[in-house]
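Summary of structural features
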Amino acid sequence: MPRLPAPPLPKVLQPKPKRPGQVPEKLSPTETAIEGAVTVVDWIDERTSLSGGLRWMLFRKVPKGINWFYTLGSATMFAFLSQAVTGVFLAMYYKPDPDSAYSSIQNITEELTLGWLVRGMHKWGSTVMVVLIFLHMARTFFFGAYKYPRELNWIIGVVLLILTMTMSFTGYLLPFDQRSYWATIVGVNINGTGPLVGPYLSDFLRAGPEFGATTLSRFYAIHMLLIPGAIIALIGAHLYLVVKLGTTAPPWMRADRKPKESRSEPVDAIANGAGGNGSAP
Ligand code: HEM
């Protein structure tokens, strides 16, 4: 993979030139705070070399012609982050048992400071995330980004899509009102009609043959522990592959005319826009 020149250090990190015999200047409180923060970052970096990884991730070539559609993946990620943050606050007050689930949600919405806002953000945020993930998938599909060598990233994306839909499904039951209760029974029954694994999946979701008190705690555990954990791990793998393979150029960009020998370049070089697919930077 061709190496990019190291980006210049931000101004705040650049050491000020010192002349021989110069008396050290007195720093203002803000400068002292900045120096302190820089020292802490330096201390961590010296022991972990994390800045190398960050530079690898953030300073990379992108092809000509990229546009706003390329922000849909990041937008989906931020929607997920917002769901994670608001979900943590909701979990502090939500009670996952059939007798108190509904009243705990009422308490969040009507009594707690800004509870209505946090709950509203989480509820509407789930719809936003679903819309964004479909738009992002459509972008990668219509731009041909699922083709070699990015098939694995497409497959990871499909699993992320299924997990996101399962998040919506399991979250829908949690308010435990009439609508969410009956809608979830319908959803679980539809699952049960699936071939081979369908009935087992339904039993797993219901936590037994009947819809009962443990169904709610099972949905809650799946919703706030199992799936978010899997989504975080898969987003990590997804982004690793995006950085490793580079971004696909828009299909209307023409490939640079190259001498014949460049056609036999290794995958890394092709993925980084040196040939094929018009992704030359
Ligand atoms: C939680 C869900 C997801 C997140 C957070 C996410 C995030 C991202 C980000 C940040 C990028 C790089 C920027 C961009 O191209 O937009 C990307 C690229 C990509 N994503 Fe996703 N994604 C998700 C779901 C999906 C789904 C459902 C698919 C398809 C089934 C998919 C397939 C791809 C592919 C193939 C690329 C490479 C695009 C290229 O090389 O041009 N992703 N994703």
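Scroll up to find the structure.
What counts as what
Residues numbered from 1 in each chain as written. Predicted model: local features only at pLDDT ≥ 70, side-chain atom pairs only at ≥ 80, totals over all residues. Heavy atoms only, no water. Near = heavy atom within 4 Å. Polar contact = N/O pair within 3.5 Å; in protein donor to acceptor, adjacent residues only side chain to side chain. Helix = DSSP H or I, 4+ residues; strand = E, 2+ residues; numbered from the N terminus. Nonpolar A, V, L, I, M, F, W, Y, C, P; charged D, E, K, R; others polar. Phe/Tyr/Trp six-rings, centres within 6.5 Å; stacked < 30°, edge-to-face > 60°. Buried < 20%, exposed > 50% of the residue type's maximum accessible area, 1.4 Å probe, protein only. Core = buried A, V, L, I, M, F, W, Y, C linked by side-chain atoms within 4.5 Å.

**Thoughts on the site of the ligand**
If you check the shell around the ligand, you find 26 residues, and the closest are His136, Arg139, Gly157, His238 and Thr248. A distance of 3.1 Å separates an oxygen atom of the ligand from a polar atom in the side chain of Arg150. Between the ligand and His238, the relevant distance is 2.8 Å, taken from a nitrogen atom to a side-chain nitrogen or oxygen of the residue. Broken down by secondary-structure element, the contributors of at least two residues to the shell around the ligand are α3 (72-93), α5 (115-142), α6 (151-173) and α9 (213-245). Residues of the shell around the ligand, tallied by class, amount to 13 nonpolar, 11 polar and two charged.

**Structural notes on the packing of aromatic side chains**
For the structure shown, the criterion picks out 13 aromatic pairs. Pairing Tyr94 with Tyr220 gives two aromatic rings, centres 5.2 Å apart and planes at 55°, and the pair type is tilted. Highlighted residues: Tyr94 in the loop between α3 and α4 (101-110) and Tyr220 in helix α9, separated in sequence by 126 residues. Between Phe141 and Trp154, the aromatic rings sit 6.4 Å apart at their centres with planes inclined by 40°, giving tilted as the arrangement. Remark: Trp154 occurs in helix α6 and Phe141 occurs in helix α5; sequence separation between them is 13 residues. Residue classification places Phe141 among the partly exposed positions, given a relative accessible area of 41%. Since its relative accessible area comes to 27%, Trp154 is described here as partly exposed. Taken together, Phe69, Tyr70, Phe143 and Trp252 form an aromatic cluster joined through their ring pairs.

**A few points about the nonpolar core**
Of all hydrophobic cores here, the largest spans 27 residues; its most connected members are Tyr94, Leu173, Leu174, Leu216, Phe219, Ile227 and Ile231. Secondary-structure elements contributing two or more residues to this core are α3, α4, α5, α6, α7 (178-192) and α9. The biggest single contributor to this core is α9, with eight residues.

**So, unusual backbone geometry**
With an omega of 5°, the peptide bond between Tyr148 and Pro149 qualifies as cis. By the element assignment, Pro149 lies in the loop between α5 and α6. Of note, Ser49 is a non-glycine position whose phi angle comes to about 55°, a positive value. One can find Ser49 in the loop between α1 (29-48) and α2 (50-58). Of note, Leu196 is a non-glycine position whose phi angle comes to about 60°, a positive value. By the secondary structure assignment, Leu196 is in the loop between α7 and α8 (198-206).

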